[in-house]
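Close look at the chain arrangement
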Amino acid sequence: MNAFVIAFNRTFRIGWRHPLDSLNPMAFFIIVTSLISITFEGGSLATGDGLAIAVLWVVLLLSTMMASGGAYAQDYEDGSLEQVIAQNQSLYVSVHGSVAARWFLCAVPIVALVPLGAWMLNIDTEVWWILFITLIPGSIVFTLFGVLGATLTLGVGRNGVLLALLVLPLYVPVLLLGVGACQRSANQEPFEFALIGILAIAMGAITFLPFAIAALLRVSQEY
Amino acid sequence: MTQVNSSTLLQVSGLEVEVAERPLLTDFNLSVNPGALIEIKGPNGSGKTTLLRYLAGIRRAHRGSIDLRSHSFAYVGQKSGLNAALTAYENLRWLTQNADQNTSETELMRVLSELGLKSCRDMPVGSLSAGQVRRCGLASLLALKARIWLLDEPLTSLDESAIDWLKGAITSHRASGGGAVVATHATLGLPDTETIDLNVS
């Protein structure tokens, strides 16, 4: 069987048995957006769709980062990672499968909550479609960078702050382009450049980041 | 000089085993022929586990070569390789898929019942006892049908019946032309065992 399918099935099955790993970031997303909408006392955000869009993106970024922080930690601890490396499966393809499963489990549910968040933050419904178009590739990139950061800190143990410091700068270009595209669309300005930029980053990340993740997984076994 | 034989399963020559950039063993040679059982002995910290991790390809050799001659192998390390949330059956099936083998469900069930784990089939590995987890890891030896077995301290937390089972399994594996490399403190006490003492070499 294909290494992608094997890794996808396994990661998805394990994630399904740990529903809190998906539910916690979803709860975080709802709590933060609802608290912000309460503190802005309805309506006052409506004048500035730009601010609400930026808030929504940042909350989504933080929730996906929270969700992907534990990637591969369990596989490293229980020795299944060394079995994958020992049996010489294509680690690049296997990483793809594992990250795809993780995206379905942790990022897709949060993206599905975006209409709720957008409604609470009073974002104009005309902007919702562009929010979706940008948040889908955006969440893929966030998940990939999150897994990259998690594999970087594999030997270090649980280290959330270190993870944030390492990967947050990588998130910034996607964040700026995504928020930019949505804000420009809300102001009826041309936004195609930002949209193409975010799609290009997503394509590049899907192609090249699994190489880096696979290399880091190998290095994690070297000591 | 190690004897080079065309039927050799595993050939290691001039391997340097290093831990934290410090060489632990230099110019290590080993050949595993069909039917051979090699026990690697040595005090704690002498590099038994690290050596096995090199043989399994988990660590890459910088100096020297390890030639598996494209034989399949099974590695049972100190970490079980089993996920606590998956059942014994699911873990075993994943281990065979991971080694690119299509083992049928009836075959996997036969292996599980041979190790007395039939009733644990649908229990998550996290709820099994340490010895049962160990048995489940060793079950992969039968499920994988590999020519070479690499075992790291296989006797840890096994009860007497499981130890007897393991000895029997190794004996029949050798009889069918397989080879085994075992890192262990306590000898298995099987006939025709080749012993490598890492402290001496």
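A brief structural summary. (Residues numbered from 1 in each chain as written. Chains lettered and ligands numbered in written order. Predicted model: local features only at pLDDT ≥ 70, side-chain atom pairs only at ≥ 80, totals over all residues. Heavy atoms only, no water.)

When helices and strands are counted, chain B shows five helices and eight strands. Since a compact globule built from 201 residues should have a radius of gyration of about 17 Å, the 17 Å found for chain B is in line with a globular shape. Along the three orthogonal principal directions, the C-alpha set of chain B runs to about 50 × 35 × 30 Å. Evaluated residue by residue, chain B yields a buried proportion of 55% over its 201 residues. Within chain B, counting contacts between residues at least 6 apart in sequence, those at least 24 apart form 70% of the total. Of note, chain B has its 19 positive side-chain charges centred 3 Å away from the centre of its 20 negative side-chain charges. (Helix = DSSP H or I, 4+ residues; strand = E, 2+ residues; numbered from the N terminus. Rg over C-alpha atoms; globule rule 2.2 N^0.38 Å. Buried < 20%, exposed > 50% of the residue type's maximum accessible area, 1.4 Å probe, protein only. Contact = heavy atoms within 4.5 Å. Lys, Arg positive; Asp, Glu negative; His and termini not counted. Charge placed at Lys NZ, Arg CZ, Asp CG, Glu CD.)

Residues and elements named next belong to chain A. Within this structure, the stated rule accounts for 10 aromatic pairs over all chains. Geometrically, the ring pair formed by Tyr92 and Phe211 is stacked, given 4.2 Å between the ring centres and 20° between the ring planes. With Tyr92 in helix α6 (residues 91-112) and Phe211 in helix α10 (residues 192-220), the pair connects residues that are 119 residues apart, well separated along the chain. With relative accessibility at 24%, the residue Tyr92 sits in the partly exposed group. (Phe/Tyr/Trp six-rings, centres within 6.5 Å; stacked < 30°, edge-to-face > 60°.)

In this section: the interface of chain B and chain A. Facing 28 residues of chain B, the contacting portion of chain A comprises 25 residues. Summing both sides of the interface, chain B and chain A together bury roughly 2,500 Å²; the carbon and sulfur share of this comes to 44%. Taken as a group, Lys79, Trp94 and Asn98 of chain B account for 24% of the area that chain B buries against chain A, more than any other trio of residues on that side. On inspection of chain B and its partner chain A, the count reaches three salt bridges. Measuring nitrogen to oxygen at the nearest pair gives 2.5 Å for the salt bridge that ties Arg53 of chain B to Glu82 of chain A. Where chain B meets chain A, there are 12 residue pairs in polar contact (both at pLDDT 80 or more). Of all the secondary structure elements, the ones that give two or more residues to the side of chain B that touches chain A are β5 (73-76) and α2 (88-98) of chain B. With seven residues, α2 of chain B is the largest single contributor of residues to the side of chain B that touches chain A. Taken together, the residues that form the side of chain B that touches chain A break down as 12 nonpolar, nine polar and seven charged. (Buried area = accessible area lost by both parts, 1.4 Å probe. Salt bridge = Lys/Arg side-chain N within 4 Å of Asp/Glu carboxyl O. Polar contact = N/O pair within 3.5 Å; in protein donor to acceptor, adjacent residues only side chain to side chain. Nonpolar A, V, L, I, M, F, W, Y, C, P; charged D, E, K, R; others polar.)

Right, let's get into the packing of helix α4 (residues 130-144) of chain B against helix α5 (residues 160-175) of chain B. All names here are of chain B. Axis separation between α4 and α5 bottoms out at 12 Å; the angle between their running directions is 15°. Between α4 and α5, the angle falls in the class roughly parallel. The chirality of how α4 crosses α5 is left-handed. Facing Arg135, Leu138, Leu141 and Leu142 of α4, the residues of α5 in contact are Ser161, Ala162, Trp165 and Leu166. Among the residues forming the contact of α4 with α5, the class breakdown is six nonpolar, one polar and one charged. (Axes fitted to C-alpha atoms, helices over the stretch in contact; angles between N-to-C directions. Parallel < 35°, antiparallel > 145°, perpendicular 65-115°, else oblique. Left-handed = near helix turned anticlockwise from the far one by under 90°.)

Spanning 15 residues, α4 of chain B covers 22 Å between terminal C-alpha atoms, matching the ideal 21 Å at 1.5 Å per step. Burial runs high along α4 of chain B: 13 of the 15 residues are buried. (Expected span 1.5 Å × (residues − 1).)

Next up on the list: the sheet that holds strand β2 (residues 22-32) of chain B. Residue and element names in this part refer to chain B. Ordered in space as β2-β1-β4, the three strands form an open sheet in which the pairing is antiparallel. Only two strands of the sheet have a single partner each, and these edge strands are β2 and β4 (65-67). Put simply, the sheet's adjacent strands are angled 25° from each other on average, direction ignored. Bridging between strand β1 (residues 10-19) and β2 involves seven bridges; their strand directions are antiparallel. Its bridge partner lying in β2, Leu10 is registered against Val32. (Pairing = 2+ DSSP bridges.)

Two modes of strand pairing occur in sheets, parallel and antiparallel, and in both the strands are linked by backbone hydrogen bonds. Residues and elements named next belong to chain B. If you trace the five strands from one edge of the open sheet to the other, you get β5-β6-β7-β3-β8, paired in parallel fashion. Pairing within the sheet leaves two strands with one partner each, and these edge strands are β5 and β8 (193-197). Each adjacent strand pair in this sheet contributes to an overall mean axis angle of 15°, direction not counted. As defined by bridge partners, β5 adjoins strand β6 (residues 148-152) across four bridges and the pair is classed as parallel. Looking at β6, one finds that Phe73 is bridged to Ile148. Most of the contacts of α4 go to β5, to which it runs at about 175°, and overall it touches β5 and β6. Relative to the sheet, α5 contacts β3 (37-41), β6 and β7 (179-183), its axis offset from that of β6 by approximately 155°.

Attention now moves to the side chain of Ser139 of chain A. If you trace the backbone, Ser139 of chain A turns up in helix α8 (residues 128-152). A distance of 3.0 Å separates a polar atom in the side chain of Ser139 of chain A from a polar atom in the side chain of Trp103 of chain A.

Residues and elements named next belong to chain B. Judged by how many residues are buried, β3 sits mostly within the fold: five of five residues are covered. Neither face of β3 is exposed, since Leu37, Glu39 and Lys41 on one face and Ile38 and Ile40 on the opposite face are all buried. Pairing analysis gives four bridges linking β3 to β7, with the strands arranged parallel. Bridging from a neighbouring strand, Ile40 pairs with Ala183 of β7. The pairing of β3 with β8 spans five bridges and is parallel. Paired with Lys41 across the strands is Asp197, a residue of β8.

Everything listed is a geometric property; what it means functionally is a separate question.
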